[in-house]
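Per-entry structural report
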Amino acid sequence: MKIHGPNPTNFNPYKQAFKDKQAIESEAYKKDSIEISPEAKKLQKQEQPNETRAAYVNEIKQKIESNQYEINYEKVAQKMHDFWTGK
């Protein structure tokens, strides 16, 4: 008669941990979702752009086409500086 002791021969202590990890990963995959913020929902509902904004954009387009648009380099540089320094 053979006695194998208290532990069975096919016992693998890491097998259960591996199965648990796979189960957690598959549950996390199933739980993925997306939420749209209220601000984004407002933007989606807007069909017409703001009339003042559209007029401003059209004015700039016309100036660019007629080569009359002037760039304020100091203002651009200041905006870039503020952006990169976090002001």
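Anything mentioned here points back to the structure above.
Only a predicted model underlies this, so the values are computations on that prediction, with no experimental measurement involved.

Examining the overall build of the protein
Looking only at helices and strands, one finds four helices and zero strands in the protein. Listed N to C, the secondary structure of the protein is α-α-α-α in terms of helices and strands. Counting across all 87 residues of the protein, residues that qualify as buried make up 1%. Working note: accessible area of the protein is about 9500 Å², and carbon and sulfur atoms make up 54% of it.

What to know about unusual backbone geometry
Positive phi, close to 55°, is recorded for asparagine 67, a residue that is not glycine. The residue asparagine 67 is located in the loop between α3 (51-65) and α4 (73-85) in this model.

Re the layout of surface pockets
Rolled over the atoms, a probe as big as a water molecule pinpoints where empty space is left. Approximately 230 Å³ is the volume attributed to the largest pocket. What lines the largest pocket is simply Tyr56, Glu59, Ile60, Lys63, Gln68, Tyr69, Glu70, Ile71, Asn72, Lys75 and Val76. Residue assignment for the lining of the largest pocket shows that the elements contributing at least two residues are α3 and α4. Take the lining of the largest pocket: its biggest share by element is four residues, from α3.

Considering α3
Each full turn of the α-helix corresponds to 3.6 residues, which orients residues three or four apart in the same direction. In this model α3 runs 21 Å from its N-terminal to its C-terminal C-alpha over 15 residues, within 8% of the 21 Å that 1.5 Å per residue would give. Looking one or two places after α3, you find asparagine 67, whose phi comes out positive at around 55°.

Some points on the packing of aromatic side chains
A complete count under the given rule lists one aromatic pair for this structure. Centre to centre, the rings of phenylalanine 83 and tryptophan 84 are 4.9 Å apart; their planes meet at 85°, and the pair counts as edge-to-face. When sorted by exposure, phenylalanine 83 lands in the same class as tryptophan 84, which is exposed.

Observations regarding a nonpolar patch on the surface
On the surface, Ile64, Tyr69, Ile71, Tyr73, Val76, Met80, Phe83 and Trp84 cluster together to form a nonpolar patch covering roughly 970 Å² of accessible area. With five residues, the top contributor of residues to the nonpolar patch is α4. Take phenylalanine 83: it is sitting in helix α4.

Reading the values: rules and limits
Residues numbered from 1 in each chain as written. Predicted model: local features only at pLDDT ≥ 70, side-chain atom pairs only at ≥ 80, totals over all residues. Heavy atoms only, no water. Helix = DSSP H or I, 4+ residues; strand = E, 2+ residues; numbered from the N terminus. Buried < 20%, exposed > 50% of the residue type's maximum accessible area, 1.4 Å probe, protein only. Areas by Shrake-Rupley, 256 points an atom, 1.4 Å probe, with all protein chains shown as cover. 1 Å grid on protein atoms, 1.4 Å probe; cavity = no way out; pocket = protein on both sides within 12 Å on 5 of 7 lines; lining within 4 Å. Points joined across faces, edges and corners; volume = space filled by probe spheres on them. Expected span 1.5 Å × (residues − 1). Phe/Tyr/Trp six-rings, centres within 6.5 Å; stacked < 30°, edge-to-face > 60°. Patch = residues over 30% accessible without salt bridge, like charges linked within 9 Å, V, L, I, M, F, W, Y side chains within 5 Å. Salt bridge = Lys/Arg side-chain N within 4 Å of Asp/Glu carboxyl O.

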